[in-house]
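A structural walkthrough
This is what each chain is made of:
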Amino acid sequence: MTERRMCVLEDGKVCDDCGQCNLCDLDPTKICDNCMKCVRSGADYNAIEIDEIIDDGTGLEEFGHTLEDLENLKNREDPK
């Protein structure tokens, strides 16, 4: 059985690949290109609350990494 992804915008909804989560917060007609204009406000302090990180391992290959590499980094002792 294939594991279903859940929608990151609506609790309890299965992802139907609508693309809503990829739209720009400032210009809803534009797909987000990580320009960061939404977080640049001139304030002395900005924060974004991250409540979950979803990592299915895709995209690692383009940087020459594998899931095993990430596990090794995660388990590595923090040098102090």
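Rules used in this analysis
Residues numbered from 1 in each chain as written. Predicted model: local features only at pLDDT ≥ 70, side-chain atom pairs only at ≥ 80, totals over all residues. Heavy atoms only, no water. Helix = DSSP H or I, 4+ residues; strand = E, 2+ residues; numbered from the N terminus. Buried < 20%, exposed > 50% of the residue type's maximum accessible area, 1.4 Å probe, protein only. Salt bridge = Lys/Arg side-chain N within 4 Å of Asp/Glu carboxyl O. Patch = residues over 30% accessible without salt bridge, like charges linked within 9 Å, V, L, I, M, F, W, Y side chains within 5 Å. Areas by Shrake-Rupley, 256 points an atom, 1.4 Å probe, with all protein chains shown as cover. Lys, Arg positive; Asp, Glu negative; His and termini not counted. Charge placed at Lys NZ, Arg CZ, Asp CG, Glu CD. 1 Å grid on protein atoms, 1.4 Å probe; cavity = no way out; pocket = protein on both sides within 12 Å on 5 of 7 lines; lining within 4 Å. Points joined across faces, edges and corners; volume = space filled by probe spheres on them. Nonpolar A, V, L, I, M, F, W, Y, C, P; charged D, E, K, R; others polar.

Let us now look at the overall build of the protein. What the protein contains, in helices and strands, is one helix and zero strands. The burial tally for the protein puts 5% of its 80 residues in the buried class.

Oppositely charged side chains are able to pair whenever their charged atoms sit close together. Tallied over the full model, the rule gives four salt bridges. Notably, a salt bridge pairs lysine 13 with aspartate 16, separated by 3.8 Å at the nearest N-O pair. For lysine 13, a relative accessible area of 25% translates into the label partly exposed. The salt bridge partner of lysine 30 is aspartate 33, with a shortest N-O separation of 3.6 Å. Three or more residues are tied together by salt bridges with common partners; here these are Glu10, Lys13 and Asp16.

A surface patch of like charges, here negative, comprises Asp11, Glu49, Asp51 and Glu52. Mapped onto the secondary structure, aspartate 11 falls in the segment before helix 1 (67-75). A relative accessible area of 83% means that aspartate 11 is categorised as exposed.

Taken together, the side chains of Val8, Leu9 and Ile54 present a nonpolar region at the surface, about 320 Å² in accessible area. Looking at where valine 8 falls in the secondary structure, it is placed in the segment before helix 1.

The next thing to look at is the environment of isoleucine 54. With respect to the helices, strands and loops of the structure, isoleucine 54 is situated in the segment before helix 1. Counting along the chain gives 46 residues from isoleucine 54 to valine 8, while the straight-line C-alpha distance between them is 9.5 Å.

Below, the discussion takes up unusual backbone geometry. Even without being a glycine, asparagine 34 presents a positive backbone phi close to 60 degrees. Within the secondary structure, asparagine 34 is located in the segment before helix 1. If you check the backbone angles, methionine 36 has positive phi at about 70 degrees while not being a glycine. Given a relative accessible area of 39%, methionine 36 falls into the partly exposed group.

This part is about the layout of surface pockets. Within this model, the largest pocket holds a volume of roughly 1500 Å³. Lining the largest pocket are 38 residues, with Val8, Leu9, Cys21, Asn22 and Glu52 positioned closest to its centre. Split into classes, the residues belonging to the lining of the largest pocket amount to 19 nonpolar, five polar and 14 charged.

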